[in-house]
Structures are given as C-alpha cells and as structure tokens.
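Chain by chain, the residues run as shown.
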Amino acid sequence: MNMLEVNHLRVWDANEGKEIIHDSSFQLKAGTCLAIVGESGSGKSLTCRSIIRLHKPWIRQSGEIIFKGEHLNQLSERDMRKRRGKQIGMIMQNGMGAFDPTSVVGIHFQETLKAHFGWSKSEAEVNMKKAMESVMLPHPMEIMNKYPHQLSGGMLQRLMIALTLVLEPDIVIADEPTTALDTISQYEVVEQFIQLRERMGGSMIFVSHDLGVVKKIADEVLVMRSGVIVESGSIKSVFTEPRHAYTQYLVSTRLELSSHFNKIMNGGT
Ligand SMILES: Nc1ncnc2c1ncn2[C@@H]1O[C@H](COP(=O)(O)OP(=O)(O)O)[C@@H](O)[C@H]1O
Ligand SMILES: [Mg+2]
C-alpha cells in the first residue's frame, strides 16, 4: 500500500514565471523510508514542502498529492493545517527555525500537544519527558525551560525527534536534518532517526546529500537533478548499478568521501 503518492507535481516561481520542479511523480510505500538525494538546488526541499503545501507565497504548485487515499491538493488550508505535525511530521535542516525564539521550548511542546491532542500542561510534560529521555536528552525539565538559542543544534534536532515520537505521525519528512550539525552530533542524530523509524514503524522521507547516511537509513531512493527525478529504485539497485550518468557520478564521488570519512572515524588513515 502507498502511504503517499505524488503525481505530476510541478512547482513554479510565480514572480519570475519559472518552473522549478518539472512533472515529478513518486510513491512512498507504507512502513518504508524513501531517501531524496541530489546536489544543492536540485529541488529536494521544494518537493518536501509541496507535500505539506507550505511554501513562500510566490511559490505555486500543481499535481496530485495523495496521502492515505486522500487528495491533499483538494483540501482547504484549514484542513491542511490539521494534518501538518500530527499526521505528517516535518523535521527541517535548521532546528532553530522550528521553534519560537521568544519562548522556552517547553511552551512550544505544550502548545503543539494542546492543539493536536487537547492535552493539559502536565499531560504534555509527562509525555515529552518520557520521549526526551528515550532520545538521550538528560534533565528534560531543565531543557524545557531553555530558549532555543541556549541549546545546541544537535539537541534541537533531538527535541524535534522527541516531539515526533509523541505525535506519532503517519509520515515523517526529514529535510537534511543533520547537515547543520558537527560530525559527532550528526552521527548521534542519525542513530536517533534509525530508532525513530523502528519505534514508529511509520513511513519516512529522508533528504540528505550524504549517501553513507542514506544507505544506512533508507529502503528506496530518488535522485534529483535540476528539478527532475532522474533515477529511482531500491537503495541496493541504485547504488550498485546506477543507470543515469549523474547518479554514477554521485555514487562514485560521494561513496568515496564516505569511505574516507569512515576511515578517519575508525582511526585509520
Ligand atoms: N522561496 C523560493 N523562491 C524562489 N526560488 C526558490 C525558492 N526556494 C527555492 N528556490 C529555487 O528552487 C530551486 C530548488 O530549491 P530547493 O528545493 O531548495 O533545492 P534543494 O533542497 O535540493 O537544495 C533552486 O534553484 C532555488 O533557487
Ligand atoms: Mg534543501
């Protein structure tokens, strides 16, 4: 069964009258993880944003977005808002952007959980505390009283993962969630994503330009270039027998980098 089906998605900049994503179609099977790879500017983020229909006002889209059999592209903004977070969770590149800088992070959790479940402050706290402990965030009550700028990028991403564990969405969309982190935090956050997947048993879209990470976490992969899906398939087939010249280039250069990285991490030269 498909959890999500995207058919003939087009995205354009209405100011410039320029099409950015060209007739893009793909499916996310229930319980699987689909990776989107491709160089910067290839359209990965706009593809993710199109699923939840959250764009800058001058960005427009057309095509079908079918989530659990429901045509999201036909829903009103009000109905769409109910699905963001609770049914379709989104974890972005920059954890800081997900939080209101003027209040402590605990307030964000209380408000989000009240909006989706009608929970009281203490119900929200009990559940968040449990989830934060499970993603290795010690002293949860202290953390909840901090402002976003007082926490590291790795901690903010783990907080988003904890909130996702509580919300239990059907799909998690993670857009380069480790790109802004240092190497050690990247490793820890990827581990938490792997566990998140196991615990939720849900479906995931994971955008990354690190093919080593993609190999670890995803079942299938889409390769994007200049707003076009140039190749797709199982991780194994795309990585071992890339058909498109661009994928061959990506695989040869990126896997080389990853193996170099692994050697350094393992103390080799
Ligand atoms: N808000 C925006 N307004 C205008 N153009 C945009 C906007 N966001 C992205 N683009 C353009 O769309 C293309 C794809 O962007 P994006 O989806 O962010 O790429 P990726 O996530 O793969 O790096 C880029 O050429 C970028 O300049
Ligand atoms: Mg992006």
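For the structure, see preceding data.
Now for a description of the structure that goes with this document.

### Some thoughts on the overall build of the protein
(1) Moving on: On a plain count of helices and strands, the protein comes out with 10 helices and 10 strands.
(2) Moving on: Relative to a compact globule of 269 residues, whose C-alpha radius of gyration would be 18 Å, the protein shows 19 Å and is just as compact.
(3) Moving on: Within the protein, the proportion of its 269 residues that are buried is 35%.
(4) Moving on: At a minimum sequence separation of 6, the contacts of the protein that also span at least 24 residues come to 67%.

### Overview of the site of ligand 1
(1) Moving on: Near ligand 1 you find Asp13, Ile20, Gly38, Ser40, Gly41, Ser42, Gly43, Lys44, Ser45, Leu46, Lys56 and Ile59, and these make up its full shell.
(2) Moving on: Per element, the largest residue contribution to the shell around ligand 1 is three residues, and it comes from helix H1 (residues 44–52).
(3) Moving on: Among the residues making up the shell around ligand 1, the classes are represented as three nonpolar, six polar and three charged.

### Notes on the environment of glutamate 77
(1) Moving on: With respect to the element layout, glutamate 77 can be found in helix H2 (residues 77–83).
(2) Moving on: A C-alpha to C-alpha distance of 28 Å links glutamate 77 and threonine 32, two positions 45 residues apart in sequence.

### Topic: the pairing of strand E1 (residues 2–13)
(1) Moving on: Across eight bridges, E1 lies against strand E2 (residues 18–29) in antiparallel orientation. Within E2, the residue paired with valine 6 across the bridge is phenylalanine 26.
(2) Moving on: Two successive antiparallel strands, E1 and E2, enclose a turn made up of four residues, where glycine 17 displays a positive phi of approximately 60°.
(3) Moving on: With eight bridges connecting them, E1 and strand E4 (residues 59–67) associate as antiparallel partners. Counted as the bridge partner of asparagine 7 is glutamate 64 from E4.

### With respect to the sheet that holds E1
(1) Moving on: Taken in spatial order, the four strands make up an open sheet running E2-E1-E4-E5, and their pairing is antiparallel. Strands with a single pairing partner mark the edges of an open sheet, and in this sheet they are E2 and strand E5 (70–71).

### Here we look at the environment of leucine 9
(1) Moving on: Looking at the element boundaries, leucine 9 is found in strand E1.
(2) Moving on: Since 24 C-beta atoms lie within 10 Å of it, leucine 9 is described here as buried.
(3) Moving on: Once the C-alpha coordinates of leucine 9 and isoleucine 51 are considered, the two residues, 42 residues apart in sequence, prove to be 9.6 Å apart.
(4) Moving on: In this view, leucine 9 contacts Ile21, Ser24, Ser50, Gln61 and Gly63; residues no more than four positions away in its chain are not counted.

What counts as what
- Residues numbered from 1 in each chain as written.
- Chains lettered and ligands numbered in written order.
- Predicted model: local features only at pLDDT ≥ 70, side-chain atom pairs only at ≥ 80, totals over all residues.
- Helix = DSSP H or I, 4+ residues; strand = E, 2+ residues; numbered from the N terminus.
- Rg over C-alpha atoms; globule rule 2.2 N^0.38 Å.
- Buried ≥ 20, exposed ≤ 12 C-beta atoms within 10 Å, placed from the backbone.
- Contact = placed C-beta atoms within 7 Å.
- Near = placed C-beta within 6 Å.
- Nonpolar A, V, L, I, M, F, W, Y, C, P; charged D, E, K, R; others polar.
- Pairing = 2+ DSSP bridges.

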